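# Geometric and topological summary
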Amino acid sequence: MAFHSPRIEYKTNAQMRIMQEAGELLSRALDAAVAAVAPGVTTDELDAVFAAVVDEAGAQYNFLGYHGYPKHICASVNDEVVHGIPGPRALEPGDVVKIDGGCIVRGWNADSARTVIVGQGDPEDERLSEVTRMAMWHGIAALATAKYVGDIGDAIDDYVSAQKGKPLGILEDYCGHGIGSQMHMAPDVLNYRSKHRGPKIKPGMCFAIEPMLVRGGLETAVLEDDWTVVTTDGARASQWEHSVAVHREGIWVLTAPDGGASELSKLGVTVVPIPA
């Protein structure tokens with residue numbers, strides 16, 4: 001019996017520039033949602049703030065209705081790692097909120113996530129979020145010279161493992177993914193070192209790179225809503241995500257207003273705009 005890997009979609013420069021439009025819109029919508037985070041604000045209100053920006057632009061959502069998902073964003077609080085459904089929960093000081101959103105412009109997708117701490121947070125939660133954020137950027141930086149998709153996970157794992165202080169866990173049950181004409185596409189993008197190198201990196205590939213780190217154990221469970229993923233030990237979690245394009249001249253972070261230049265320059269990477 002022959003086994004075949006899922007087909008990878010290779011985008012043209014023109015298609016990736018449309019994805020960049022979607023990414024820039026998504027960045028603005030996430031900016032608005034993050035700015036609305038405050039004690040007493042509900043996760044449903046964050047969802048509405050995000051939706052208003054996308055609606056004003058006349059774009060579509062890729063979360064709403066996805067396999068029946070009922071909201072525009074995922075809003076996961078504290079021990080909720082990913083896929084938290086916005087609702088009446090009011091945020092409290094010190095909460096760790098993961099806001100994950102996406103949108104579609106002319107048939108092309110963008111996906112991005114950020115962690116926000118409400119007010120003055122626990123220093124260990126602040127550290128958790130910052131290590132996760134920088135792990136994402138190290139993974140993106142690795143993509144600039146990577147030969148295989150697995151090089152991204154190697155870089156993320158190496159960065160996290162090198163951090164001083166109490167070790168943080170990298171979730172293995174959830175990972176990044178390809179993105180383009182659909183939100184979730186081949187290949188999987190692991191956030192940890194693996195013997196599986198994955199496909200070769202080629203121009204036209206686009207990835208959603210999204211490490212998820214926890215302060216405790218790696219075991220997770222899905223709540224009765226069939227969406228919300230929580231840590232079984234109640235430990236807090238962080239998620240950061242950007243969508244990134246690979247073209248013949250280099251890489252460009254589709255969901256960062258500057259293409260990732262400000263962050264990646266610190267890591268020795270120069271981003272290159274997608275050619276016309």
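Quick caveat, the model's predicted, so the values are computed rather than measured. Residue positions are given per chain, counting from 1 as you read along its sequence in written order. Per-residue local features of the predicted model are confined to residues with pLDDT of at least 70, and side-chain atom pairs are confined, for both listing and counting, to 80 or more; whole-chain, interface and lining totals are unaffected and use all residues. Water and hydrogen atoms were dropped before computing side-chain values, which therefore reflect all heavy atoms in the structure.

## Focus: the overall build of the chain
Each helix is a run of DSSP H or I of at least 4 residues and each strand a run of E of at least 2, with the numbering of both proceeding from the N terminus. When helices and strands are tallied, the chain shows 5 helices and 14 strands. Just to be clear, the radius of gyration here is over C-alpha atoms, and the globule rule we use is 2.2 Å times residues to the power 0.38. Whereas a compact globule of 276 residues would reach a radius of gyration of roughly 19 Å, the chain reaches 18 Å, a difference of no more than 12%. Dimensions of the chain, computed from the C-alpha atoms along their principal axes, are close to 45 × 45 × 45 Å. Each residue is placed in one exposure class: buried if its accessible area under a 1.4 Å probe, protein chains only, is under 20% of its type's maximum, exposed if it is over 50%, and partly exposed if it falls in between. Here the chain, with 276 residues, has 55% of them falling under the buried criterion. To measure how exposed things are, a 1.4 Å probe is used in the Shrake-Rupley method; for residues, cover is taken only from the protein chains shown. When the accessible surface of the chain is split by element, carbon and sulfur atoms take 52% of a total near 12,100 Å². None of His or the chain ends enter the tally, which takes Lys and Arg as positive and Asp and Glu as negative. Charge coordinates come from a single atom per side chain, which is NZ of Lys, CZ of Arg, CG of Asp or CD of Glu. When the 23 basic and 37 acidic side-chain charges of the chain are each reduced to a single mean position, those positions are 9 Å apart.

## A short note on the environment of Met 212
In this fold, Met 212 is placed in strand 9 (residues 212-214). Given the relative accessible area of 2%, Met 212 is considered buried. It is 22 Å that separates the C-alpha atoms of Met 212 and Gly 259, two residues lying 47 residues apart in sequence. Whether two residues touch is decided by their heavy atoms; if any such pair falls within 4.5 Å, the residues are in contact. Beyond its immediate chain neighbours, meaning those up to four positions away, Met 212 contacts Val 81, Val 82, Gly 169, Ile 170, Leu 171, Tyr 174, Cys 175, Asn 191, Ser 238 and Gln 239.

## A word on the sheet that holds strand 12 (residues 237-239)
Taken together, 3 strands build an open sheet; the order of strands is 5-9-12 and the sheet is antiparallel. Looking at which strands have only one partner, the edges of the open sheet turn out to be strand 5 (169-170) and strand 12. Paired strands, in this sense, are two strands between which DSSP finds at least two bridges. Looking at chain direction, strand 5 and strand 9 are connected through 2 bridges and run antiparallel. In the strand pairing of strand 9, Gly 169 is matched with Val 214. Running over the sheet, helix 3 (residues 123-143) touches strand 9 and strand 12 and is turned about 30° from strand 12. To define axes, lines are fitted to C-alpha atoms, for helices over the stretch in contact only, and angles between the resulting N-to-C directions are given on a 0 to 180 degree scale.

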